[in-house]
Amino acid sequence: MTSLPEDPRPLAGDDDRDRAAQRLREAYAEGYVSHEEMDERLHQVLTAKTRNELAQALVALPAESVGSTSTLAAASGRIQRRGAWRVPRVLKVESAYGRVYLDLSRAIIEHPEVDIELHLGSGRANITVPRDAIVDVEGLRTGWKHPLHKIRRRSRPGGPTIRISGSMEFGRLKIRHARR
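Figured I'd write up the structure that's included with this text. (Residues numbered from 1 in each chain as written. Predicted model: local features only at pLDDT ≥ 70, side-chain atom pairs only at ≥ 80, totals over all residues. Heavy atoms only, no water.)

## Quick notes on the nonpolar core
- Formed by 25 residues in total, the largest nonpolar core has its most connected members in Val93, Ile116, Leu118, Ile164 and Leu173.
- Within the residue set of this core, elements represented by two or more residues are strand E4 (90-97), strand E5 (99-103), strand E7 (113-122), strand E8 (125-129), strand E9 (134-142), strand E11 (161-168) and strand E12 (173-177).
- The leading source of residues in this core is E7, at four residues.
- Setting aside chain neighbours within four positions, we find isoleucine 164 in contact with Ile116, Leu118, Ile127, Val135, Asp136, Val137, Glu138, Gly139, Leu140, Leu173 and Ile175.
- Counting 13 residues, the second largest nonpolar core, distinct from the first, contains Leu24, Ala27, Ala48 and Ala57. (Core = buried A, V, L, I, M, F, W, Y, C linked by side-chain atoms within 4.5 Å. Buried < 20%, exposed > 50% of the residue type's maximum accessible area, 1.4 Å probe, protein only. Helix = DSSP H or I, 4+ residues; strand = E, 2+ residues; numbered from the N terminus. Contact = heavy atoms within 4.5 Å.)

## Focus on helix H1 (residues 14-29)
- Look at H1: 22 Å from first C-alpha to last across 16 residues, which is about the 22 Å you get at 1.5 Å a residue.
- What H1 keeps buried is the set Asp16, Arg17, Ala20, Ala21, Arg23, Leu24 and Ala27. The buried residues of H1 occupy one face: seen down the axis, they fall within an arc of 160 degrees. The exposed residues of H1 that point more than 90 degrees off its buried face are Asp14, Asp15, Arg19 and Ala29.
- For H1, the elements touching its buried residues are helix H2 (35-47) and helix H3 (51-57).
- Trailing H1 by a residue or two, glycine 31 shows a phi angle of about 85 degrees, which is positive. (Expected span 1.5 Å × (residues − 1). Arc of directions from axis to C-beta.)

These figures come from the coordinates and say nothing about function on their own.
Quick look at the structure:
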């Protein structure tokens, strides 16, 4: 019986292509890439099958800036981040219809303060923050229901400050602290 040959080139997933496309958009917005070059590289990114092909599309771009702004957007459906994901300094979340689930309990938070800017039409948002986080929702405008957030009585000092701002038309924001 013969074994299948191993492919040393790791395959690129949808998340990899999304991150590469976002990086290209940022480089274009900052003037590092012309409009024609943006079109060519974006086509490469969207048709890439391996991570090597993705890397070729991003060659000669400036390094990603740590602490930059990231945007999660969807017209409808679900926006979800959970597990060990890197939280940027400023996170913009935009959704016309749909639900938003952000779990920061196991996320990599490198900044003492994180700003989450919500712009939601309808649908609900659930945000789980680390156990020792301080949450500020003063900058959030709601058109229908007020956010649900039970402030922890006992939290250790030194946790990140999570500031939630923006606007929600219909729906509700629920914020909870991780249990462990």
